[in-house]
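Here is what each chain is made of, one letter per residue.
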Amino acid sequence: MYPQLFEAVPDALVLVDDQGLIVQTNSRASSLFGYPENELVGVSIEMLVPEGARARHRAHRAGYMAHPHVRAMGATGQTLMGRRYDGTQFPLEIALSPINSDGTVQYLASIRDISDSPRARQVLVRAGYDALVARFGQLALESKEDEDVLAHVPLLLAESLGIESVLIAFVSADNDRVEIRASTGLDGQAYADGIHIDQQMLLATLRKGRAWMVEDFSLAGTREQAFPLSQLASGSAALVPLLDVNRPMGALLAFSRQPRKFDHDALHLLQSFANLIAALVQRQRTQDQLAHVQRLDALGQLTGGIAHDFNNLLTIMSGNLQLLESEYDGTSEARELIDSALRSVTRGAELTAKLLSFARRQRLVPQAVDLKAMLHDLNQMLRRTLGDTIRLRTVCPDGLPSAHADPAQLDTALVNLALNARDAMPRGGEIAIEVSRMTDSNGTPADLPIGDYLLITVSDTGRGMSQATLDHAMEPFFTTKEAGRGSGLGLSMVHGFSKQSGGDLWIDSALGYGTHVHLCLPVDRGGGTLKSAQPAANPHGTGETILVVEDEDSVRRIAVAFLRKAGYRVTEAASADAALRELDADDRIALLFTDVLLGEGGNGKELANAALRLRPGLPVLLTSGFEQKPSPSPHAEIESVSFDLLRKPYRREQLLDAVRQSLLQDGV
């Protein structure tokens with residue numbers, strides 16, 4: 001082309017062939033891109049584009065060359081970036097024109113540096129803000145301590161925006177105050193002198209859930225804008241809420257002594273940081289909740305294992321004491337000692353039941369429970385237990401349906417809640433136990449399935465709980481009582497019982513306003529009727545053969561001794577394989593009595609199913625101090641059969657009644 005015309009144009013000119021190679025430039029192009037004279041010729045045009053944008057530019061170039069046309073300067077409406085020889089980048093605008101010379105199409109680019117234009121400066125500012133957000137996001141991903149990440153935010157923002165102070169405030173757990181978690185100013189102070197947080201005004205502002213800005217505190221009417229920074233004569237400020245799922249969890253506040261410091265881009269930067277901070281806090285909360293669930297699950301697994309061994313020990317102690325009881329029936333001193341020891345065994349069994357209920361591994365026997373009748377019986381017992389300083393009030397309207405729950409566990413749960421309420425009122429007060437039918441889900445846990453429920457509320461007029469205590473109230477072994485006065489299992493046991501029953505438990509409490517514990521249970525649908533639990537008329541045997549399967553020798557000996565003394569013929573086995581051999585060899589066996597856990601992976605339920613395949617119709621009675629789900633079996637249709645269960649530790653009378661019931665049900 002015309003060299004003199006090329007040099008006369010004030011813009012940088014670059015002529016490119018159809019392969020994207022530079023064939024001609026003017027001196028302005030060499031100067032703009034920092035290349036020595038004539039060294040741009042033969043270079044790919046993509047070398048003048050930032051490395052990260054080259055693939056995109058190549059695609060755009062191919063599209064333009066396929067449909068060439070004149071494109072004016074700035075026609076794209078976007079700010080493009082160029083790359084100099086030394087790697088630095090700068091904003092530019094380009095005009096394009098196809099040039100037809102001797103039948104060959106080439107493409108002329110007219111390039112202009114717009115670094116000094118307002119739009120370019122805005123683009124650079126936004127790019128810097130975006131880079132800052134990306135830097136913070138990377139820091140948040142890599143850091144193991146969220147507090148360290150938050151501590152960096154105020155200084156990062158203050159330096160980037162050129163302002164005096166940035167603060168991160170969080171609403172306290174009781175929603176009554178705000179706590180400054182991180183703050184800084186350019187001078188290294190906690191925050192600039194003269195800034196004072198109006199706590200109540202900040203809480204009121206946060207409830208509106210939107211960003212807030214004051215352009216100039218010196219203007220009249222600023223006070224009416226209710227910004228939560230007081231004692232400010234001039235300057236500007238911005239507030240962006242940190243949004244939680246349901247409500248603001250806090251705020252990001254920024255202050256400058258210059259008026260109108262916060263433009264749209266500055267607010268966008270603050271909003272981006274606020275979103276990242278909120279996500280960071282929610283991530284930490286989720287991790288804490290997951291860790292809590294994992295701890296509870298591990299504790300539940302440990303509890304189940306301990307309960308199995310402990311109940312076996314209690315069965316041995318209880319059994320031997322009962323055998324001694326019959327030997328020393330006429331000796332009052334011996335009977336007194338034996339009765340005392342048996343009472344200790346009972347207390348140990350109750351503690352194990354609480355542990356299993358917390359771990360949701362206690363097998364429940366749900367049935368229709370008349371809450372009005374239960375409360376009437378509890379009323380008489382609790383009035384004696386709670387003492388003269390406690391007034392007890394029970395309310396249960398007529399006409400309510402029955403609850404579907406294990407009556408023994410429900411009775412224990414209500415006693416626990418009443419005793420907790422009493423302990424919260426050392427100087428006396430009132431406990432109210434009220435039953436109602438739930439009509440809506442307001443205030444109930446979100447994960448409660450839709451259905452019909454009854455609500456039992458146990459209220460007290462005691463001192464109430466702080467939010468910190470309330471957050472941990474249902475954790476196992478958490479207690480605010482003095483040493484020796486509480487195990488910390490009461491509420492966790494009731495919570496486990498409620499969840500296992502298909503309901504839930506939640507607590508409303510505040511310091512100085514008492515406590516309301518809400519126990520929600522499903523309405524009985526008529527499917528919870530138990531088989532008759534009346535004792536057999538004659539629990540003793542008449543020579544029937546019973547196969548006792550138990551891997552613990554001492555426990556097996558107790559069961560064998562009880563049954564033989566009652567007139568049964570007993571054969572025994574220590575494993576499932578041995579039991580099946582006995583069943584195959586002895587057709588006189590009238591009942592299989594087996595533990596659920598048989599050691600070395602053995603399972604009494606699987607043994608029972610195998611026994612039924614071998615001897616259809618054989619009565620089966622299971623016993624266990626702890627149940628766990630059996631592994632999947634190919635005989636799913638048989639495993640749908642339910643078996644009666646006798647819980648350990650059992651008394652002799654309970655064993656004999658359960659055995660006779662099982663034999664009678666099958667006509668033996």
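Given the structure is predicted, the values throughout are model-derived calculations rather than measurements.

1. What about unusual backbone geometry?
Here's step 1: Residue Pro 649 follows Lys 648 across a cis peptide bond; omega there is -10 degrees.
Here's step 2: Looking at where Pro 649 falls in the secondary structure, it is placed in the loop between β24 (644-647) and α17 (652-665).
Here's step 3: The backbone phi angle of Asn 38 is positive, close to 65 degrees, even though this residue is not glycine.

2. A short note on the nonpolar core
Here's step 1: Residues Leu 371, Leu 410, Ile 431 and Ile 456 are the most contacted members of the largest nonpolar core, which totals 39 residues.
Here's step 2: It is helix α10 (residues 407-423) that contributes the most residues to this core, 7 residues altogether.
Here's step 3: If we ignore the near neighbours within four places in the chain, the residues touching Leu 410 are Val 369, Leu 371, Met 374, Ile 456, Phe 497, Leu 519 and Leu 521.
Here's step 4: Core analysis: the second largest hydrophobic core is formed by 32 residues, Leu 156, Ala 182, Leu 252 and Leu 269 among them.

3. Considering the sheet that holds strand β1 (residues 12-16)
Here's step 1: With antiparallel pairing, the 5 strands of this open sheet are ordered in space as β2-β1-β5-β4-β3. The sheet is open, and its two borders are formed by β2 (22-25) and β3 (80-83), each paired with just one other strand. Each neighbouring strand pair of the sheet contributes to a mean axis angle of 40 degrees, computed without reference to strand direction.
Here's step 2: The sheet strands contacting helix α3 (residues 54-66) are β1, β3, β4 (89-101) and β5 (104-113), and the helix crosses β4 at an angle near 25 degrees.

4. Digging into the environment of Ala 151
Here's step 1: The topology assignment puts Ala 151 in helix α5 (residues 146-161).
Here's step 2: Look at Ala 151 and you get exposed, because its relative accessible area is 52%.
Here's step 3: Along the sequence, Ala 151 and Ala 182 sit 31 residues apart, while their C-alpha atoms lie 5.4 Å from each other.

5. Regarding helix α9 (residues 371-386)
Here's step 1: Taken as a whole, α9 carries its principal kink of about 30 degrees at Asn 379.
Here's step 2: For α9, every residue scored as buried is listed here: Leu 371, Met 374, Leu 375, Leu 378, Asn 379, Leu 382 and Leu 386.
Here's step 3: Looking at the buried positions of α9, the neighbouring elements they touch are β13 (367-369), β14 (390-395), β15 (403-405), α10, β16 (429-437) and β17 (453-460).
Here's step 4: The backbone nitrogen of Lys 372 has a side-chain oxygen 3.1 Å away, supplied by the residue at the start of α9, namely Asp 370.

6. Thoughts on the packing of helix α14 (residues 576-585) against helix α15 (residues 604-614)
Here's step 1: Look at α14 against α15: their axes get within 10 Å of each other, and the N-to-C directions meet at 20 degrees. The orientation of α14 relative to α15 falls into the category roughly parallel. You can see that α14 and α15 cross each other, and the crossing is right-handed. Two secondary-structure elements touch here, α14 through Ala 576, Ala 579, Leu 580, Leu 583 and Asp 584 and α15 through Leu 607, Ala 610, Ala 611 and Leu 614.
Here's step 2: Residues that form the contact of α14 with α15 fall into these classes: 8 nonpolar, no polar and 1 charged.

7. Observations concerning the environment of Gln 409
Here's step 1: The residue Gln 409 is located in helix α10 in this model.
Here's step 2: For Gln 409, a relative accessible area of 9% corresponds to the buried category.
Here's step 3: With 44 residues separating them along the chain, Gln 409 and Val 365 place their C-alpha atoms 9.0 Å apart.

8. Topic: the pairing of β1
Here's step 1: Counting buried residues along β1, 5 of its 5 residues qualify, which places the element largely inside the surrounding structure.
Here's step 2: Burial along β1 is two-sided: the face carrying Ala 12, Val 14 and Val 16 and the face carrying Leu 13 and Leu 15 are both buried.
Here's step 3: In sequence, β1 turns back onto β2 through a hairpin of 5 residues, with Gly 20 there showing a positive phi of about 85 degrees.

9. Digging into the sheet that holds strand β21 (residues 569-573)
Here's step 1: Within the open sheet, the 5 strands sit side by side as β21-β20-β22-β23-β24. Their pairing is parallel. Two strands lie at the open edges of the sheet, namely β21 and β24, each paired on one side alone. Between one strand axis and the next, the sheet turns by 25 degrees as a mean value, whatever way the strands run.
Here's step 2: Strand direction decides the pairing type here: strand β23 (residues 620-624) and β24, joined by 4 bridges, are parallel. In the sheet register, Leu 622 faces β24, and the bridge partner there is Leu 645.

10. Quick notes on the packing of aromatic side chains
Here's step 1: Taken as a whole and judged by the stated rule, the model has 4 aromatic pairs.
Here's step 2: Measuring from ring centre to ring centre gives 4.8 Å for Tyr 35 and Tyr 85, while their planes differ by 70 degrees; the resulting arrangement is edge-to-face. Taken together, the residues span a long stretch of sequence, with Tyr 35 in the loop between α2 (27-33) and α3 and Tyr 85 in the loop between β3 and β4 at a distance of 50 residues.
Here's step 3: Taking the centre distance of 6.0 Å and the plane angle of 70 degrees together, the rings of Tyr 64 and Tyr 107 count as edge-to-face. Here Tyr 107 lies in strand β5 and Tyr 64 lies in helix α3, a separation of 43 residues in the sequence. Both residues of the pair, Tyr 64 and Tyr 107, belong to the buried class.

11. Focus: the pattern of salt bridges
Here's step 1: Using the criterion set out here, one finds 20 salt bridges in the structure.
Here's step 2: With a closest N to O distance of 3.3 Å, Asp 398 and Lys 372 form a salt bridge. A residue pair is termed long-range when its members are at least 10 positions apart, and Asp 398 in the loop between β14 and β15 and Lys 372 in helix α9 qualify at 26 residues.
Here's step 3: On the basis of relative accessible area, Asp 398 is assigned to the exposed category, the value being 64%.
Here's step 4: You can call Lys 372 partly exposed: its relative accessible area is 40%.
Here's step 5: Across the salt bridge formed by Arg 651 and Glu 653, the nearest N and O atoms sit 3.6 Å from each other.

12. Quick word on the confidence of the model for the protein
Here's step 1: Residues with a pLDDT of 70 or more make up 78% of the protein, whose mean pLDDT is 79.
Here's step 2: Below a pLDDT of 50 lies the segment residues 629-640, which in the model reaches 9 contacts outside its immediate sequence neighbourhood of four places, other chains included.

13. Overview of the environment of Ser 27
Here's step 1: Note that Ser 27 resides in helix α2.
Here's step 2: With 15 residues separating them in the primary sequence, Ser 27 and Ala 12 have C-alpha atoms 7.6 Å apart.
Here's step 3: The residues contacting Ser 27, other than those within four sequence positions of it, are Glu 7 and Glu 37.

14. Considerations on α10
Here's step 1: Look at α10: 24 Å from first C-alpha to last across 17 residues, which is about the 24 Å you get at 1.5 Å a residue.
Here's step 2: Of the residues making up α10, those classed as buried are Gln 409, Leu 410, Ala 413, Leu 414, Val 415, Asn 416, Leu 417, Ala 418, Ala 421 and Asp 423.
Here's step 3: Between a side-chain oxygen at the N-terminus of α10 and the backbone nitrogen of Gln 409 the separation is 3.2 Å; the capping residue is Asp 406.

15. What to know about the pairing of β17
Here's step 1: With 8 of 8 residues buried, β17 lies mostly within the body of the structure.
Here's step 2: With burial as the criterion, each face of β17 is covered, one bearing Tyr 453, Leu 455, Thr 457 and Ser 459 and the other bearing Leu 454, Ile 456, Val 458 and Asp 460.
Here's step 3: Here β16 pairs with β17 via 7 bridges, running antiparallel. Looking at β17, one finds that Ile 433 is bridged to Val 458.
Here's step 4: Sheet analysis places β17 next to strand β19 (residues 515-522), joined by 8 bridges and oriented antiparallel. The residue of β19 that forms the bridge with Leu 455 is Cys 520.

Rules behind the numbers
- Residues numbered from 1 in each chain as written.
- Predicted model: local features only at pLDDT ≥ 70, side-chain atom pairs only at ≥ 80, totals over all residues.
- Heavy atoms only, no water.
- Helix = DSSP H or I, 4+ residues; strand = E, 2+ residues; numbered from the N terminus.
- Core = buried A, V, L, I, M, F, W, Y, C linked by side-chain atoms within 4.5 Å.
- Buried < 20%, exposed > 50% of the residue type's maximum accessible area, 1.4 Å probe, protein only.
- Contact = heavy atoms within 4.5 Å.
- Pairing = 2+ DSSP bridges.
- Axes fitted to C-alpha atoms, helices over the stretch in contact; angles between N-to-C directions.
- Bend = angle between axes of the 7 residues up to and from the residue.
- Polar contact = N/O pair within 3.5 Å; in protein donor to acceptor, adjacent residues only side chain to side chain.
- Parallel < 35°, antiparallel > 145°, perpendicular 65-115°, else oblique.
- Left-handed = near helix turned anticlockwise from the far one by under 90°.
- Nonpolar A, V, L, I, M, F, W, Y, C, P; charged D, E, K, R; others polar.
- Phe/Tyr/Trp six-rings, centres within 6.5 Å; stacked < 30°, edge-to-face > 60°.
- Salt bridge = Lys/Arg side-chain N within 4 Å of Asp/Glu carboxyl O.
- pLDDT = per-residue confidence, 0-100.
- Expected span 1.5 Å × (residues − 1).

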